[in-house]
Amino acid sequence: MSETLAAVEAVHGFNGYSLAILLHIVLFAYWLGGDLGVFYSSRFILREDLSPQTRGTALKIMHGVDLAPRICLVLFLPSGITLMAWGPLGDEFFVNGPLLALVWVASLIWLAIAVYDYFRGTATRFGHTIARLDLVVRYGLGATLLGIGAYTMVVAEPFGVDTNPKWLGAKLAAYALCILCGVLIRWKLRSFGPAFGRLMATGSTPEVERDLRSSLRGCEPYVFAIWGFVLLAAVLGVIKPGSTAF
């Protein structure tokens, strides 16, 4: 009983745990809110009644807003690991101290790669290498976390944890699927740049409009999936269904 009370009291006041909770909430809000802004801006790009210049302005807004979700996706993982490490049961969590610092160093390196790719793109050979490296990280991390999440949901006591952390496995899987959906969105957008370039150079044509619609509309299932997975991760993190830790 006293351990449970101590765990509950640890949530109050300004400490590492409350700071980790705040960071996790802020990242969730800016991720989903930024994604909604990107989606709304894209609707104006598809409007044939607007001039190419106006649609170009909508594209700039969409690209600017998109920086927030990109940052939040990268930092969501280390902030979640910090939340577990600094939480009431952090002493039982194997990622702590030096390992937690290593997670943050690796995440900040990935963030630097993602931000460089966002601002510089693939205009240079180095930029092309950075973009490929970012994709390798996303494929590798997405597949690894999906595997860990599935293992945690299937095994009775994954990694020796006996508090039924299946909710955590599901949350990891949801995050991994967000990463992989983001990669699929990139693949769907491969034809968008050339099509929009033709729009700005020669104006609207049926072929240009078709390619723009195909590219942006093709992303929608993966965008909606990301929203669902982010909300699912939030619900699992708050409710922790089935957990016997408290």
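Residues numbered from 1 in each chain as written. Predicted model: local features only at pLDDT ≥ 70, side-chain atom pairs only at ≥ 80, totals over all residues. Heavy atoms only, no water.

The protein chain appears in an unreviewed UniProt entry as DUF2269 family protein from Mumia xiangluensis.

The next subject is the overall build of the protein chain. Each helix and strand in the protein chain was counted, giving nine helices and zero strands. Tracing the protein chain from N to C terminus, the helices and strands come up as α-α-α-α-α-α-α-α-α. Along the longest, intermediate and shortest principal axes, the C-alpha atoms of the protein chain span 70 × 35 × 35 Å. Across the 246 residues that make up the protein chain, the buried fraction comes to 39%. Sequence separation of at least 24 residues holds for 70% of the intrachain contacts in the protein chain that already meet a minimum separation of 6. Working note: accessible area of the protein chain is about 13,400 Å², and carbon and sulfur atoms make up 70% of it. Here the protein chain carries 19 positive and 16 negative side-chain charges, and the mean point of each set is 12 Å from the other. (Helix = DSSP H or I, 4+ residues; strand = E, 2+ residues; numbered from the N terminus. Buried < 20%, exposed > 50% of the residue type's maximum accessible area, 1.4 Å probe, protein only. Contact = heavy atoms within 4.5 Å. Areas by Shrake-Rupley, 256 points an atom, 1.4 Å probe, with all protein chains shown as cover. Lys, Arg positive; Asp, Glu negative; His and termini not counted. Charge placed at Lys NZ, Arg CZ, Asp CG, Glu CD.)

This part is about the environment of Pro241. Inspection of the secondary structure assignment puts Pro241 in the segment after α9 (206–239). Residues Pro241 and Lys166, 75 residues apart in the sequence, show an inter-C-alpha distance of 8.1 Å. Other than its neighbours up to four places away in sequence, Pro241 contacts Trp167 and Leu236.

To continue, consider α9. Here α9 contains 34 residues, and its C-alpha end-to-end distance of 50 Å stays within 8% of the 50 Å for a straight helix at 1.5 Å per residue. Of all bends in α9, the biggest is about 35°, found at Glu220, and the proline Pro221 comes one to four residues later. Of the residues one or two after α9, Lys240 is the one with positive phi, at around 50°. (Expected span 1.5 Å × (residues − 1). Bend = angle between axes of the 7 residues up to and from the residue.)

Bringing the nonpolar core into the picture now. With 28 residues, the main nonpolar core has Trp31, Leu73, Tyr175 and Ile226 as its most contacted residues. Elements supplying a minimum of two residues to this core: α2 (16–45), α4 (67–85), α5 (98–120), α7 (166–188) and α9. The element contributing the most residues to this core is α4, with eight residues. Those residues in contact with Trp31 that sit more than four places away from it in its chain are Pro69, Cys72, Leu73, Phe76, Tyr175, Cys178, Ile226 and Val230. In this structure, Val38, Ile45, Leu46 and Met62 belong to the second largest nonpolar core, which totals 12 residues. (Core = buried A, V, L, I, M, F, W, Y, C linked by side-chain atoms within 4.5 Å.)

Turning to unusual backbone geometry, a few remarks are in order. Even without being glycine, Asn164 reaches a positive phi, approximately 55°. Relative to the assigned elements, Asn164 resides in the loop between α6 (125–154) and α7. Accessibility expressed as a relative area gives 25% for Asn164, which makes it partly exposed. Unusually for a residue other than glycine, Lys240 sits at a positive phi of about 50°. Checked against the element boundaries, Lys240 lands in the segment after α9.

Glancing now at helix α8 (residues 192–202). All of the buried residues in α8 are Phe192, Ala195, Phe196 and Leu199. Buried residues in α8, looked at end-on, bunch into an arc of 95°, giving them a common side. Exposed side chains of α8 directed beyond 90 degrees from the buried face belong to Ala201 and Thr202. For α8, the secondary structure elements touched by its buried residues are α2, α3 (52–65) and α9. Note on α8: the residue one or two positions beyond its end, Gly203, has a positive phi of about 90°. (Arc of directions from axis to C-beta.)

Taken as a whole, the protein chain shows an average pLDDT of 89; of its residues, 91% reach a score of 70 or greater. Between the elements of the protein chain, mean pLDDT differs from a low of 43, seen in helix α1 (residues 2–9), to a high of 96, seen in α3. Residue range residues 1–10 is modelled with pLDDT below 50. Its contacts to residues more than four positions away, or to other chains, number five contacts. (pLDDT = per-residue confidence, 0-100.)

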